[in-house]
Structure formats: structure tokens, C-alpha cells
Amino acid sequence: MGLFDQILSAIDNPNQQASPNQLGNILGAVEQLSSNQGVNTGTTQLAMSVLGGYVRSALQNVRSQSGDAQAQQLVNQFSGTNPNPQAVQSLFGVGQLTQIVNDIAHRTGLNNATVQAMIPVLVPLVLNLLKTGSNAQNPAQGSNPVLNTFLDSDGDGDVDITDAMSMAGRFLNQRS
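About the cut-offs
Residues numbered from 1 in each chain as written. Predicted model: local features only at pLDDT ≥ 70, side-chain atom pairs only at ≥ 80, totals over all residues. Heavy atoms only, no water. Helix = DSSP H or I, 4+ residues; strand = E, 2+ residues; numbered from the N terminus. Buried < 20%, exposed > 50% of the residue type's maximum accessible area, 1.4 Å probe, protein only. Contact = heavy atoms within 4.5 Å. Areas by Shrake-Rupley, 256 points an atom, 1.4 Å probe, with all protein chains shown as cover. Core = buried A, V, L, I, M, F, W, Y, C linked by side-chain atoms within 4.5 Å. Expected span 1.5 Å × (residues − 1). Arc of directions from axis to C-beta. Phe/Tyr/Trp six-rings, centres within 6.5 Å; stacked < 30°, edge-to-face > 60°. Lys NZ or Arg CZ within 6 Å of the ring centre and 35° of its normal. Salt bridge = Lys/Arg side-chain N within 4 Å of Asp/Glu carboxyl O.

Engineer: Pulling in residues and values, what's your account of the overall build of the protein?
Structural biologist: For the protein, the count of helices and strands is nine helices and zero strands. Order of helices (α) and strands (β) in the protein, N terminus to C terminus: α-α-α-α-α-α-α-α-α. A buried classification covers 49% of the 176 residues belonging to the protein. Of the contacts formed within the protein by residues at least 6 apart in sequence, a portion of 73% connects residues at least 24 apart. Of the roughly 8100 Å² that the protein leaves accessible, carbon and sulfur atoms contribute 42%.

Engineer: Outline the environment of T44, listing residues and values.
Structural biologist: Among the structural elements, T44 can be located in helix α3 (residues 41-66). You can call T44 buried: its relative accessible area is 0%.

Engineer: Residue-level account of the nonpolar core, with values.
Structural biologist: Ranked by internal contacts, the top residues of the largest apolar core, which has 54 residues, are L59 and F92. Of all the elements, helix α7 (residues 112-131) adds the most residues to this core, at 11 residues.

Engineer: Explain helix α2 (residues 20-37) to me, and be specific about the residues and the numbers.
Structural biologist: In this model α2 runs 26 Å from its N-terminal to its C-terminal C-alpha over 18 residues, within 8% of the 26 Å that 1.5 Å per residue would give. Q22, L23, I26, L27, A29, V30, L33 and S34 are the residues of α2 that are buried. Seen along its axis, α2 keeps its buried residues to an arc of 150°; they face one direction. Among the exposed residues of α2, those oriented more than 90 degrees off its buried face are N21, S35 and N36. Trailing α2 by a residue or two, G38 shows a phi angle of about 70°, which is positive.

Engineer: Can you tell me about the packing of aromatic side chains, naming the residues and giving the values?
Structural biologist: One pass over the structure, following the stated rule, counts zero aromatic pairs. We note R56 situated over the ring of F150; from NZ or CZ to the ring centre the distance is 5.0 Å.

Engineer: Please set out the pattern of salt bridges residue by residue, giving values where relevant.
Structural biologist: Under the counting rule described, the total for this entry stands at two salt bridges. A salt bridge links D68 to R63; the shortest N-O distance between them is 3.8 Å. Classification of R63 as partly exposed rests on a relative accessible area of 21%. Residue R107 is joined to D103 by a salt bridge in which the shortest nitrogen-to-oxygen separation is 3.7 Å. With R107 and D103 both in helix α6 (residues 94-108) and four residues apart, the pair spans about one turn of that helix. Residue R107 is classed as partly exposed on the basis of its relative accessible area of 45%.

Below you can see the structure in the form of C-alpha cells.
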């Protein structure tokens, strides 16, 4: 089951946190970031997708070293729709961040300064998307199928975030 399928399943499950409002807030934050940076939304989603690969690696490392609960804790603590430099610092070292900025700039055509400004917004958004599968009553407990799908994907380098964002937009438009 793909990432967006897991998110849809979480929306349909009252025991999980996902809601159409949460998806709408994430999409709205991407649109706002795009507008603020003078970038089209598709490019911002591509940047988010590239960044998602790095978030996946960082969370996989946390999970392998400290367990599922610690990976879930990072998602719970740093997910959101507002800029959060601490979220970036919790996942990436300074040297790695330079590599990430260069990679995103290369793959999107954005300049490094724009990418650098976007990352503190995009990391909490990626984590917020992953939080949709958290247990609604006790987010630190239980399995998060959205996070598990994200971390256990095939590692082909193609992160489903761009597809998930696109499908989320279509899903929300159908509901209105």
C-alpha cells in the first residue's frame, strides 16, 4: 500500500489522527511557502519530495538505533505547519544540511538561499504528513502505519511525497 493510501486509510480510521483539515493545512502551508518564496507549488512539492528522502534516511537511522518509539517521538515533537529550525537540527547535521540544500537546488533549479529558507518549513510539513497515522488518543503509543510505510519503502529514491500531495489536493477538491 502506498503512502497516500495509508493516509486515506488513516482519515477513515477514527483511531488515527489524519483528517481532511490536517491535509488541507499541509497543502495550504505548501502553497503559502511557494507564494512567499515566489516559487510555483509544483517546484515546492518537488523540493519537499527530495527532502523527504533525507528525512526518511534520518528517521530510519533513529529507528534502527533507538527504536520505533523514538522515531515516532521525533515526528510528534517536530511536525507542524510553521517554520521550525529545531526540527531540521534534530534530523540533520550541518554538513549534511549543506549537501541537502545543494541536492534540492540542483534537482529543482532553485538557488541555494531559497532552498535554505524553505527547509525549516518543509521538514515540519513532511513530519506532519507522517503524523497522520499516529494514534489519535495517545500519539506516542501504538503503530503508525503511515510512518511505517514511509520508512519501509523500497528505497528506490522515489519518495511518494509529491504524489501524496497531489492526490491530497485532488481528494480535498472532491470533498468540497
